[in-house]
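The primary structure of each chain is shown beneath.
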There are 2 protein chains.
Amino acid sequence: MQDFSGYPIDEPPHSFISNSLSVDAQTLQKQIDELSTFSDTPAPSVTRILYSDKDVLARRYIKNLMGLAGLSVREDAVGNIFGRWEGYEPELAAVATGSHIDAIPYSGKYDGVVGVLGAIEAINALKRSGFKPKRSLEIISFTSEEPTRFGISCLGSRLLAGGEELAKALKTTADGQNMSFLDAARYAGYAKDQDDLSSVFLKKDHYFGFIELHIEQGPILEEEGVSIGIVTAIAAPASIKVDFEGNGGHAGAVLMPNRNDAGLAAAELALAVEKHVLESGSIDTVGTVGILELHPGAINSIPSKSHLEIDTRDIDEKRRNVVIEKIHESAIAIARKRKAILSEFKIINQDPPALSEKSIIEAIEAASKELNLTHKFMISRAYHDSLFMARISPMGMIFIPCYKGYSHRPEEYASTQDMANGVKVLALTMAKLSLQ
Amino acid sequence: MQDFSGYPIDEPPHSFISNSLSVDAQTLQKQIDELSTFSDTPAPSVTRILYSDKDVLARRYIKNLMGLAGLSVREDAVGNIFGRWEGYEPELAAVATGSHIDAIPYSGKYDGVVGVLGAIEAINALKRSGFKPKRSLEIISFTSEEPTRFGISCLGSRLLAGGEELAKALKTTADGQNMSFLDAARYAGYAKDQDDLSSVFLKKDHYFGFIELHIEQGPILEEEGVSIGIVTAIAAPASIKVDFEGNGGHAGAVLMPNRNDAGLAAAELALAVEKHVLESGSIDTVGTVGILELHPGAINSIPSKSHLEIDTRDIDEKRRNVVIEKIHESAIAIARKRKAILSEFKIINQDPPALSEKSIIEAIEAASKELNLTHKFMISRAYHDSLFMARISPMGMIFIPCYKGYSHRPEEYASTQDMANGVKVLALTMAKLSLQ
Ligand SMILES: [Mn+2]
Ligand SMILES: [Mn+2]
Ligand SMILES: [Mn+2]
Ligand SMILES: [Mn+2]
């Protein structure tokens, strides 16, 4: 009979939870608003850079909320923050969730934050419902998901996933003001007695599962009126730094044939990036020049140096690597044609894509169904800490709709209803996995 | 007989001067080196921005040298500095010379400076030779030839030439940090009791003639081994500010067809500027994008705003204005094609070219010949304060060779021999004009 009923035998306890789950979306919204005030640029924009004073204040705010939720809090050497609710079988691998609270310059208040403050509210909701976890539940607030300060995205999760090379590289990494990573970390109270960051590494299967709640950062869920996105794969990001150099000179005095304008080389490469991405033939290939700087940067000086930072992604790693190769060839050809020097072409990272784990996908799907929330399977085109957590743990992601798909800008917005739905699905999914 | 001899009757007194003229090139070089230390960036680069602390110190240095040369010093409301050697017929219009001492970011120590410190040495050399001027001689150190701080080039000479509109506009002009022009001027000790800057204006024919000594900022004199360039015309400069706006968004999440990337619009316009300039068909047309800024400027953000500053020049005003029109059309077309907004297209200035005065050209030529210095007639592709002084005075310019034509960069260099030649020609030209 049970084979045909559609209700597996462990259904009753979850139903009990899903009926009694109540999420306090107003408090969540208030916390999101409060956290957004720790910013280096005026509201509604948010700018919260790794290890800045505002970042330190925001971290304190998160640790305080974790404490109020009854979680035991620890931090590792780079400032990944862990809040743990001990299960009644604490020797079992825990179920983890989390996201990030850093924000790129002039961005919004929901990216990452929904997955940290929402996770705390999910735990609070589970506690209020009377649920008792078998496996422990953990919330992680990851250090520096955004690459703003040191050019390294998902710094915290990369290290957690055992980034040996990264741990080595960080000993000599510095920011744009030439402050070393370790000095910056110490300024914020981390990496106190050690240069060795391998203490951050977690073993494979340290967690039973990892789930990240996040705004979609794309328009699909909103356009289609779907409440929950279940991520099946995360696109593979790569980032590249390029420098051109020329002779510069006076904008009036140097005739056009005698120029090797580093700024025009950069402009051509930016357009070549777009061209190569469009040539891939897939809608899933994207490429962006988010940074383009000219030196000396005066209206009457021919640029003698230019610097570009390029981001390109795909759900197909091979196809993305073809784009990178073409960008490289264009950079060489442009420099040759313009008699400029391609003084740097550096691939900063070139990560493989990640697939979500079937068991986690199924748990999220079951939770959505129980909560009567519409859902769809989708691809994450933005990367997330989940991309790296997938290296050491079964992984899944929950997306919620956001206004027009806007992200990384002040207009970024998710409704309290959509956030409440996401928090409920997260809570129920964690509860399910906790009992497995 | 005299018609065939080639020696006009007023030749003997000049020959006397030219034989006894001795220029102290070592002291001049020492002063150039000293002045270059008033800089906001490390040597060998020079950065001296209008009304900055370093600019104020540099001004004090110039006024001190003028005083030591026995000149009477005055300053006007915007800080143009005048040093006057009274002639024995002081009611006659004076002969003036001068240039500027401000320096764009990361530039060199000769641009402008040779024409100010060189003028002081020219006066000193004339004094040592026993020369007595009939018409008074004046040296002007012009305020803000470079547009760095307020986006206005030749600010001081434009005002001297009676820039009514500029005087009005300056009441509401502010720099990039939103400091008003008047506050900045007051910080440096100018514009004390007045918002009205019309006190700066000089009447037409206030001067009998104006001559500027300057490095060529191009490679021709050095390549051809010629000592003195006699400028017959100054190319017509125009500058334009352009802003594009788009929706921005996350570099991973927004698919290519849904983008309206303000950065790519800027890149396309930069290349269009080059294209339209090359299409003019004349080697004398030049165009440069020296400033290109992206907002928010993060590797994983699609640019939502871009800002360009464009400089274009020609010795033919009409041809240059055609280029400007084409750039405007391209900006509109690019915005339309990319569904971005062209939120600003502002022509900041669009000055007519200036011709040197025959009488001044002939005086410089005669001086060069008397001093046995090779010379050639040439066009100034860079603009200079002379462009504006030409509106109120007969004008001419003396160019000297500079290393590889480099300017607006730390490698800018002129030999002491070439500077000494230029100073001698300047001194003798002023002496000739003084006696007319
Ligand atoms: Mn982000
Ligand atoms: Mn994020
Ligand atoms: Mn200059
Ligand atoms: Mn100059």
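All figures in this text were calculated on a predicted structure; none of them were measured in a lab.

Points about the overall build of chain A
- Check the secondary structure of chain A and you find 14 helices and 15 strands.
- Projected onto the principal axes, the alpha-carbon positions of chain A cover approximately 85 × 50 × 40 Å.
- Charged side chains of chain A number 45 positive and 58 negative; the gap between the two group centres comes to 2 Å.

Remarks on the coordination of the manganese ion (ligand 1)
All names here are of chain A.
- Taken together, the protein donors to the manganese ion (ligand 1) comprise D111 (OD), E146 (OE) and H408 (NE2), at separations of 1.9 to 2.3 Å.
- Every donor residue of the manganese ion (ligand 1) comes from the same chain, spaced as D-x34-E-x261-H.
- Residue class for H408 comes out buried when judged on its relative accessible area of 3%.

Details of the coordination of the manganese ion (ligand 4)
Residues and elements named next belong to chain B.
- Each protein donor to the manganese ion (ligand 4) is listed here as H100 (NE2), D111 (OD) and H214 (NE2); together their distances run 2.0 to 2.3 Å.
- Considered as a linear motif, the donors of the manganese ion (ligand 4) on their single chain read H-x10-D-x102-H.
- If you look at the manganese ion (ligand 4) and the manganese ion (ligand 3), they sit 3.6 Å from each other and are both ligated by D111. Taken together, the positions of D111 in the loop between β5 (103–107) and α5 (113–128) and H214 in strand β7 (residues 207–215) put the pair 103 residues apart, joining distant regions of the chain.

Some points on the interface of chain B and chain A
- In this complex, chain B contributes 59 residues to the contact, which on the side of chain A involves 59 residues.
- Area buried by chain B at its contact with chain A is led by H250, M256 and I299 of chain B, which between them contribute 14% of it.
- Viewed at the interface, chain A and chain B are joined by 2 salt bridges.
- Residue E274 of chain B is joined to R338 of chain A by a salt bridge in which the shortest nitrogen-to-oxygen separation is 2.8 Å.
- Applying the counting rule to chain B against chain A returns 14 residue pairs in polar contact (both at pLDDT 80 or more).
- Ranked by the residues each element gives to the side of chain B that touches chain A, the list is headed by strand β10 (residues 286–295) of chain B, at 9 residues.

Observations regarding the nonpolar core
- With 60 residues, the main nonpolar core has F244, L269 and L308 of chain A together with F244, L269, L308 and I310 of chain B as its most contacted residues.
- Excluding residues that lie within four positions of it along the chain, L308 of chain A makes contacts with I240, K241, V242, F244, A266, L269, A270, V289, I291 and L292 of chain A.

Description of the domain arrangement of chain A
Residues and elements named next belong to chain A.
- In terms of domains, chain A is made up of domain 1 (2–235 + 354–435) and domain 2 (236–350).
- Each side of the interface is counted separately: domain 1 has 10 residues, and domain 2 has 10 residues.
- The contact between domain 1 and domain 2 buries some 770 Å² in all, and 56% of this surface belongs to carbon and sulfur atoms.
- Considering only the surface of domain 1 that becomes buried against domain 2, A235, R381 and Y383 emerge as the three largest contributors, covering 58% of it.
- Applying the counting rule to domain 1 against domain 2 returns 1 salt bridge.
- Among the ionic pairs, D284 bridges to R381, the shortest N-O distance being 2.3 Å.
- Scanning the region where domain 1 abuts domain 2 turns up 1 residue pair in polar contact (both at pLDDT 80 or more).
- Taken together, the residues of the side of domain 1 that touches domain 2 break down into 6 nonpolar, 2 polar and 2 charged.

Quick word on the relation of the copies chain B and chain A
- It takes a turn of 180 degrees to lay chain B on chain A, together with a shift of 0.1 Å along the axis; the resulting RMSD is 0.1 Å. These values place the two chain copies in the arrangement generated by a two-fold rotation axis. Residue A267 of chain B, judged by its C-alpha, is the member of chain B lying nearest the rotation axis, at 2.2 Å.
- When the interface residues of chain B are mapped onto chain A, 100% of them again lie at the interface, so the same face is used by both copies.

Notes on the sheet that holds strand β10 (residues 286–295) of chain A
Residue and element names in this part refer to chain A.
- Read across the open sheet, the 4 strands follow the order β10-β11-β9-β12; overall the sheet is antiparallel. Every interior strand has two partners, whereas the edge strands, β10 and β12 (341–350), have only one. Averaged over all neighbouring strand pairs, the angle between strand axes comes to 15 degrees, with direction disregarded.
- Bridging between strand β9 (residues 236–245) and β12 involves 8 bridges; their strand directions are antiparallel.

Here's the deal with unusual backbone geometry
All names here are of chain A.
- Look at the link from H295 to P296: it is a cis peptide, with omega at 0 degrees.
- You can see P296 is positioned in the loop between β10 and β11 (305–314).
- For S144, which is not glycine, the phi dihedral falls at a positive 50 degrees.
- Inspection of the secondary structure puts S144 in the loop between β6 (137–142) and α6 (155–160).
- Residues other than glycine seldom take positive phi values, yet N372 does so here, at roughly 55 degrees.
- Checked against the element boundaries, N372 lands in the loop between α12 (358–370) and β14 (375–380).

The rules behind the values
Residues numbered from 1 in each chain as written. Chains lettered and ligands numbered in written order. Predicted model: local features only at pLDDT ≥ 70, side-chain atom pairs only at ≥ 80, totals over all residues. Heavy atoms only, no water. Helix = DSSP H or I, 4+ residues; strand = E, 2+ residues; numbered from the N terminus. Lys, Arg positive; Asp, Glu negative; His and termini not counted. Charge placed at Lys NZ, Arg CZ, Asp CG, Glu CD. Donors = N, O, S within 2.8 Å, 3.2 Å for Na, K, Ca; no water. Buried < 20%, exposed > 50% of the residue type's maximum accessible area, 1.4 Å probe, protein only. Contact = heavy atoms within 4.5 Å. Buried area = accessible area lost by both parts, 1.4 Å probe. Salt bridge = Lys/Arg side-chain N within 4 Å of Asp/Glu carboxyl O. Polar contact = N/O pair within 3.5 Å; in protein donor to acceptor, adjacent residues only side chain to side chain. Core = buried A, V, L, I, M, F, W, Y, C linked by side-chain atoms within 4.5 Å. Domains from an automatic or database assignment. Nonpolar A, V, L, I, M, F, W, Y, C, P; charged D, E, K, R; others polar. Least-squares fit on C-alpha atoms with pLDDT ≥ 70 in both. Pairing = 2+ DSSP bridges. Axes fitted to C-alpha atoms, helices over the stretch in contact; angles between N-to-C directions.

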